[in-house]
Amino acid sequence: MKKYLGLFVVLLGLSMVLSACGAGGPTTTINVTMTDFHFEPMEFTVPAGQTITVTAANNGAVEHEFVIFNLGTDAGEKFGDEDEGNIYWEVEVQPGQSATETFTAPTEPGEYYVTCGIEGHLEAGMNGKLTVVAGE
Ligand SMILES: [Cu+2]
């Protein structure tokens, strides 16, 4: 009986470690829901240089975008033409639709700015953060 109890404790510990990884560690998948006007969740963590699969669902009534900026840049107060050159990657999703696409994560670790490029949406609250962490 004592032997089984020991095994149970080990398994319990293992499952706690695994779930802890799932909560905070980098993942190669991003699942984001876009509404009028938020990203849910707002923060994502991915490993540098890896292929990332993004599934973006637009539950809003208008078109939305998931736009990742180059490191060290952001849209400032509002998104405009001057920001187009700072875009690292983006996906557009029509209302009621879902899109799955891939991109290669930046090789440089850091915090990357995320927003929606549709006029007025940044101001309404559509912003987020992509954290890129160095691989092992
Ligand atoms: Cu939007």
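Residues numbered from 1 in each chain as written. Predicted model: local features only at pLDDT ≥ 70, side-chain atom pairs only at ≥ 80, totals over all residues. Heavy atoms only, no water.

Trainee: How would you summarise the side chain of Thr131 if you had to cite specific residues and measurements?
Mentor: With respect to the element layout, Thr131 can be found in strand β9 (residues 127-133). The contact partners of Thr131, leaving out residues within four places of it in the chain, are Phe44, Thr45, Val46, Gly110 and Glu111. (Helix = DSSP H or I, 4+ residues; strand = E, 2+ residues; numbered from the N terminus. Contact = heavy atoms within 4.5 Å.)

Trainee: Account for the sheet that holds strand β5 (residues 64-69), with residues named and values stated.
Mentor: Pairing is mixed in the open sheet, where five strands are placed in the order β3-β9-β8-β5-β6. This sheet does not close on itself; its edge strands, each paired only once, are β3 (43-47) and β6 (87-93). Direction aside, the axes of adjacent strands within the sheet are offset by 20 degrees on average. As paired strands, β3 and β9 are joined by five bridges and run parallel to one another. Looking at the pairing, Glu43 lines up with Lys129 of β9. (Pairing = 2+ DSSP bridges. Axes fitted to C-alpha atoms, helices over the stretch in contact; angles between N-to-C directions.)

Trainee: Got a sec to walk through the coordination of the copper ion? Specific residues and values, please.
Mentor: The protein atoms that coordinate the copper ion are His64 (ND1), Cys116 (SG), His121 (ND1) and Met126 (SD), at distances of 2.0 to 2.6 Å. Around the copper ion sit four donor atoms, and with donor-metal-donor angles ranging over 87 to 139 degrees the site reads as irregular. Motif for the copper ion, donor spacing along one chain: H-x51-C-x4-H-x4-M. Remark: Cys116 occurs in the loop between β8 (110-115) and α2 (121-124) and His64 occurs in strand β5; sequence separation between them is 52 residues. For the pair formed by His64 and Cys116, the shared burial category is buried. (Donors = N, O, S within 2.8 Å, 3.2 Å for Na, K, Ca; no water. Tetrahedral: all angles 85-135°; square planar, octahedral: opposite > 155°, others 65-115°. Buried < 20%, exposed > 50% of the residue type's maximum accessible area, 1.4 Å probe, protein only.)

Trainee: Tell me about the confidence of the model for the protein chain, and name the residues and values.
Mentor: Confidence in the prediction of the protein chain, expressed as mean pLDDT, is 89, and 82% of residues score 70 or more. For the stretch residues 16-22, pLDDT sits under 50, and the model shows zero contacts to residues farther than four places along the chain or on other chains. (pLDDT = per-residue confidence, 0-100.)

Trainee: Give a description of the packing of aromatic side chains that names residues and reports values.
Mentor: With the rule as written, the count across this model stands at six aromatic pairs. Taken together, a centroid distance of 5.6 Å and an interplanar angle of 85 degrees make the contact between Phe39 and Phe66 edge-to-face. Linking Phe39 in strand β2 (residues 38-40) with Phe66 in strand β5, this pair joins segments that are 27 residues apart in sequence. On the accessibility criterion, Phe39 (1% relative accessible area) is buried. Classification of Phe66 as buried rests on a relative accessible area of 0%. Both rings, one in Phe44 and one in Phe66, keep their centres 5.5 Å apart while their planes meet at 85 degrees; by these two values the pair is edge-to-face. (Phe/Tyr/Trp six-rings, centres within 6.5 Å; stacked < 30°, edge-to-face > 60°.)

Trainee: For the environment of Trp89, give the residues involved together with the corresponding values.
Mentor: Considering the arrangement of structural elements, one finds Trp89 in strand β6. Residues Trp89 and Phe69, 20 residues apart in the sequence, show an inter-C-alpha distance of 7.1 Å.

Trainee: How would you summarise the sheet that holds β2 if you had to cite specific residues and measurements?
Mentor: Strand order in the open sheet formed by four strands is β2-β1-β4-β7, and the pairing between neighbours is mixed. Edge positions in the sheet fall to β2 and β7 (98-104), since each has one partner strand and no second. Each neighbouring strand pair of the sheet contributes to a mean axis angle of 25 degrees, computed without reference to strand direction. Across seven bridges, the pairing between strand β4 (residues 51-58) and β7 is antiparallel. Looking at β7, one finds that Val54 is bridged to Glu101.

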